[in-house]
Amino acid sequence: MRTMRLPFSVALSILVVALCLFVIIFAPMVAPHGVNEIVGTSWDPPSAGHPFGTDMVGRDLLSRFVWGARVTILTAGAAVLIAFAIGSGLGLLAGLRKGWLDMLLSRFVDLVMATPTLILAMVLLTILPRSIVFIVTIIALVEATRFFRLARLIAADTAALDYVEAAYLRGETTRWIIRREILPNAITPLLAELGLRFIFSVLFLSTLSFLGLGVQPPVTDWGSLIKENKDGLLFGITAALVPGAAIAALALAVTTLVDWVSVSRDGGPKR
């Protein structure tokens, strides 16, 4: 019996994602110091006690990187899962039912998508408290519009097929039709979009934190670490490159896995 061998890029991507999951789950055991514990002087070089060195005030960069990974990944993950559930659900319903519901939701989505996302977030965060809850809510609102567009398009195309019309004639409910007829055709592209939207959420959160509008001290994330240590680049200090490299590695890993899963799965209608 032949076994499928994973491409090297896919195996490496799985390793990166698994390492990130390990870090966020076991952060208290992985991080050698507290997130705000001062253990040295400003921008100490890497050493046996501090593998990544220290930051601009002498805190262990490895510890802050680990705790920042937990905040970044969990915050972005929560936002994109909420966006996936709300956007996909409403998109499938609007594409299938059409009428005034489709019109109302589509115009709202058009309004949100017509506004530059960073500007929209900056405006909202100047009004609302800059807490994790509101940051997750804003990111979820922005990303839900993308899921809505995709789910609505798939539902509208599938609703015109004969077997969906036959289900209506049999008297099946809208919920049954979405679960049994529409969702099997939509799950693969929606899961691919979920992976891509997660990366956009990580980048979006990091951008907000870099601008001072995201995660607020004493909590830290990867974007905050870049902001705090960016001045060190002028003196050849590479502390800011560590979280930047982590964001890039995670983005490449997730997009590689999304591409591989999308190609591997049968994207045709499942009847």
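In this text, all values refer to a predicted model and were calculated from it rather than measured experimentally.

**Some details on the packing of helix α3 (residues 61–97) against helix α10 (residues 241–264)**
Two packed helices can be described by the angle between their axes and the distance between those axes.
Part 1 of the argument: With their axes 11 Å apart at the nearest point, α3 and α10 run at an angle of 40° to one another. The orientation of α3 with respect to α10, classified from their angle, is oblique. The two elements α3 and α10 cross, and the hand of that crossing is right-handed. On α10, the residues that touch Leu61, Phe65 and Ile73 of α3 are Val242, Pro243, Ala246 and Leu250.
Part 2 of the argument: Residue composition of the contact of α3 with α10, grouped by class: 7 nonpolar, no polar and no charged.

**Considering the side chain of Arg64**
Part 1 of the argument: In this structure, Arg64 sits in helix α3.
Part 2 of the argument: Judged by relative accessible area, Arg64 falls into the buried class, the value being 1%.
Part 3 of the argument: Not counting residues up to four positions away in its chain, the partners in contact with Arg64 are Val35, Asn36, Asp55, Arg59, Thr220, Leu225 and Glu228.

**Here's the deal with the packing of aromatic side chains**
Part 1 of the argument: On inspection of all chains with the given rule, the structure shows 4 aromatic pairs.
Part 2 of the argument: Seen from their ring centres, Phe52 and Phe65 are 5.8 Å apart, and the 80° between their planes marks the pair as edge-to-face. Of this pair, Phe52 sits in the loop between α2 (27–30) and α3 while Phe65 sits in helix α3; the two residues are 13 residues apart in sequence, bridging distant segments of the chain.
Part 3 of the argument: For Phe52, a relative accessible area of 32% translates into the label partly exposed.
Part 4 of the argument: The exposure class assigned to Phe65 is buried, which follows from its relative accessible area of 15%.

**Here we look at unusual backbone geometry**
Part 1 of the argument: Of the consecutive residues Pro217 and Pro218, the connecting peptide bond is found in the cis state with omega at 5°.
Part 2 of the argument: Mapped onto the secondary structure, Pro218 falls in the loop between α8 (174–210) and α9 (222–229).
Part 3 of the argument: Look at Trp43: it is not a glycine, yet its phi comes out positive at around 55°.
Part 4 of the argument: Relative to the assigned elements, Trp43 resides in the loop between α2 and α3.
Part 5 of the argument: Phi is positive for Lys98, which is not a glycine, with a value near 55°.
Part 6 of the argument: Checked against the element boundaries, Lys98 lands in the loop between α3 and α4 (99–114).

**Notes on α9**
Part 1 of the argument: Along α9, 6 of the 8 residues are buried, which leaves the element largely enclosed by surrounding structure.
Part 2 of the argument: For α9, every residue scored as buried is listed here: Trp222, Gly223, Ser224, Leu225, Ile226 and Asn229.
Part 3 of the argument: Looking at the buried side of α9, the elements it contacts are α3, α8 and α10.

**Considering the pattern of salt bridges**
Part 1 of the argument: Scanning the model with the defined rule gives 9 salt bridges in all.
Part 2 of the argument: A salt bridge links Glu228 to Arg64, with the nearest nitrogen and oxygen atoms 3.1 Å apart. Highlighted residues: Glu228 in helix α9 and Arg64 in helix α3, separated in sequence by 164 residues.
Part 3 of the argument: One salt bridge connects Glu143 with Arg197, and the closest N-O pair in it is separated by 3.0 Å. Linking Glu143 in helix α6 (residues 132–159) with Arg197 in helix α8, this pair joins segments that are 54 residues apart in sequence. This pair shows no difference in class: Glu143 is buried, exactly as Arg197 is.

**Structural notes on the nonpolar core**
Generally speaking, a soluble globular protein has its nonpolar side chains buried in company with each other.
Part 1 of the argument: Membership of the largest hydrophobic core comes to 46 residues, with the highest contact counts inside it found for Phe198, Trp222 and Leu250.
Part 2 of the argument: Residue assignment for this core shows that the elements contributing at least two residues are α1 (8–25), α3, α6, α7 (162–169), α8, α9 and α10.
Part 3 of the argument: Aside from chain neighbours lying at most four places away, what touches Phe198 is Ile73, Ala76, Gly77, Val80, Leu250 and Val254.
Part 4 of the argument: Within the second largest apolar cluster, 16 residues are counted, among which are Ala79, Val112, Ala121 and Val136.

**Concerning the packing of α7 against α8**
Part 1 of the argument: The N-to-C vectors of α7 and α8 enclose an angle of 165°; their axes lie 10 Å apart at closest approach. Considering the angle they form, α7 stands roughly antiparallel to α8. Seen from above, α7 lies across α8 with right-handed handedness. Two secondary-structure elements touch here, α7 through Tyr163, Val164, Ala167 and Tyr168 and α8 through Thr174, Trp176, Ile177, Glu181, Ile182 and Asn185.
Part 2 of the argument: Class assignment of the residues belonging to the contact of α7 with α8 gives a composition of 7 nonpolar, 2 polar and 1 charged.

Here is what the cut-offs are and how they apply
Residues numbered from 1 in each chain as written. Predicted model: local features only at pLDDT ≥ 70, side-chain atom pairs only at ≥ 80, totals over all residues. Heavy atoms only, no water. Axes fitted to C-alpha atoms, helices over the stretch in contact; angles between N-to-C directions. Helix = DSSP H or I, 4+ residues; strand = E, 2+ residues; numbered from the N terminus. Parallel < 35°, antiparallel > 145°, perpendicular 65-115°, else oblique. Left-handed = near helix turned anticlockwise from the far one by under 90°. Contact = heavy atoms within 4.5 Å. Nonpolar A, V, L, I, M, F, W, Y, C, P; charged D, E, K, R; others polar. Buried < 20%, exposed > 50% of the residue type's maximum accessible area, 1.4 Å probe, protein only. Phe/Tyr/Trp six-rings, centres within 6.5 Å; stacked < 30°, edge-to-face > 60°. Salt bridge = Lys/Arg side-chain N within 4 Å of Asp/Glu carboxyl O. Core = buried A, V, L, I, M, F, W, Y, C linked by side-chain atoms within 4.5 Å.

Read these as geometric descriptors, not functional statements.
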